[in-house]
Amino acid sequence: MANQKTLRTFIAFPLNEQLVSELDRIQREFKRRVPDRAVRWVRPSSIHLTLFFIGDVLPNRIDPITDALALIAENAAPFSFVAEGIGVFPNPRRPRVLWVGVNELSGEPLTVLHGAVNEAMENLGFEPETRPYHPHLTIGRVRRRASGRDVRAIGEVMTHVEVDRLAEVSVEEIILFQSILKPTGAEYHRLAALPLGDTAS
């Protein structure tokens, strides 16, 4: 069990103001179409593109994690992605997570980075992720107490809604975040920022 001295951490990319604004607009549209009491919406300013969730770690593990991320970042070129499309996990019949999709545009830089980080974290003794990486932006989570009727209504709406291209985001650094859980929602603090370096230049 994690003790009070641990830090809840994850690796992610920040979003630009344009995309945050668009996600706010999308959420407002969905709030009018789905049973709002059944969804816990994520504050647009708190939405990140998560690369890897580490979990609770002791403070003395932060430096080794940062060093591993720095090495990965140095060997990765900056890239861009586009936010577009909408979906749910695990499926529209049992929606639990509402998300906006991510298009990697050229190649699969996010998938490659995830693979490198997954391997690095495993080498540091952390549990690797075994499921295929599906880059996405979580905009809301269906509440556990949501009725079956509300859940079905959410799935129906998400199945028949289309979300076009929202914004393009340039990625120039990997961020190691700390997540602090509070009654008002999670707060995120940057523990380290590792710039991506174009080794081809």
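That block above? That's the structure.
Let me begin by describing the structure that accompanies this report. (Residues numbered from 1 in each chain as written. Predicted model: local features only at pLDDT ≥ 70, side-chain atom pairs only at ≥ 80, totals over all residues. Heavy atoms only, no water.)

**With respect to the overall build of the protein**
Working step 1: A tally of regular secondary structure across the protein gives 4 helices and 9 strands.
Working step 2: Along the protein, from the amino end to the carboxyl end, the secondary structure elements read β-α-β-β-α-β-β-α-β-α-β-β-β.
Working step 3: Relative to the compact-globule value of 17 Å for 201 residues, the protein shows a C-alpha radius of gyration of 18 Å, a close match.
Working step 4: Expressed as lengths along the three principal axes of its C-alpha atoms, the size of the protein is roughly 50 × 45 × 30 Å.
Working step 5: Counting across all 201 residues of the protein, residues that qualify as buried make up 46%. (Helix = DSSP H or I, 4+ residues; strand = E, 2+ residues; numbered from the N terminus. Rg over C-alpha atoms; globule rule 2.2 N^0.38 Å. Buried < 20%, exposed > 50% of the residue type's maximum accessible area, 1.4 Å probe, protein only.)

**Notes on the nonpolar core**
Working step 1: Ile 11, Leu 19, Phe 30, Met 121, Leu 137 and Ile 139 are the most contacted members of the largest nonpolar core, which totals 60 residues.
Working step 2: In terms of residue count, the dominant contributor to this core is helix H2 (residues 62-74) (6 residues). (Core = buried A, V, L, I, M, F, W, Y, C linked by side-chain atoms within 4.5 Å.)

**Here we look at the sheet that holds strand E3 (residues 49-57)**
Working step 1: The 4 strands lie next to each other as E3-E1-E8-E9, forming an open sheet whose pairing is antiparallel. Strands with a single pairing partner mark the edges of an open sheet, and in this sheet they are E3 and strand E9 (185-195). Averaged over all pairs of adjacent strands, the angle between their axes in this sheet comes to 25°, without regard to strand direction.
Working step 2: Across the sheet, H2 touches strand E1 (7-13), E3, strand E8 (173-182) and E9, and the angle it forms with E9 is around 55°.
Working step 3: Along the sheet, helix H3 (residues 109-123) contacts E1, E3 and E8; its crossing angle with E3, the most-contacted strand, is approximately 15°. (Pairing = 2+ DSSP bridges. Axes fitted to C-alpha atoms, helices over the stretch in contact; angles between N-to-C directions. Contact = heavy atoms within 4.5 Å.)

**Re the side chain of Ser 46**
Working step 1: Among the structural elements, Ser 46 can be located in the loop between strand E2 (39-41) and E3.
Working step 2: Residue Ser 46 is classed as buried on the basis of its relative accessible area, which comes to 11%.
Working step 3: Residue contacts for Ser 46: discarding those within four places in its chain leaves Ala 186 and Tyr 188.

**Section: the packing of H2 against H3**
Working step 1: The interhelical angle for the contact between H2 and H3, taken along N-to-C directions, is 150°, at an axis separation of 10 Å. H2 and H3 meet at a crossing whose hand is right-handed. The segment H2 lies against H3, with Ile 65, Ala 68, Leu 69 and Ile 72 engaging Leu 113, Ala 116, Val 117, Ala 120 and Met 121.
Working step 2: By residue class, the composition of the contact of H2 with H3 is 9 nonpolar, no polar and no charged. (Left-handed = near helix turned anticlockwise from the far one by under 90°. Nonpolar A, V, L, I, M, F, W, Y, C, P; charged D, E, K, R; others polar.)

**Observations regarding the environment of Leu 58**
Working step 1: Examined against the element boundaries, Leu 58 turns out to sit in the loop between E3 and H2.
Working step 2: Linking Leu 58 and Thr 6, residues 52 residues apart in sequence, is a C-alpha distance of 4.5 Å.

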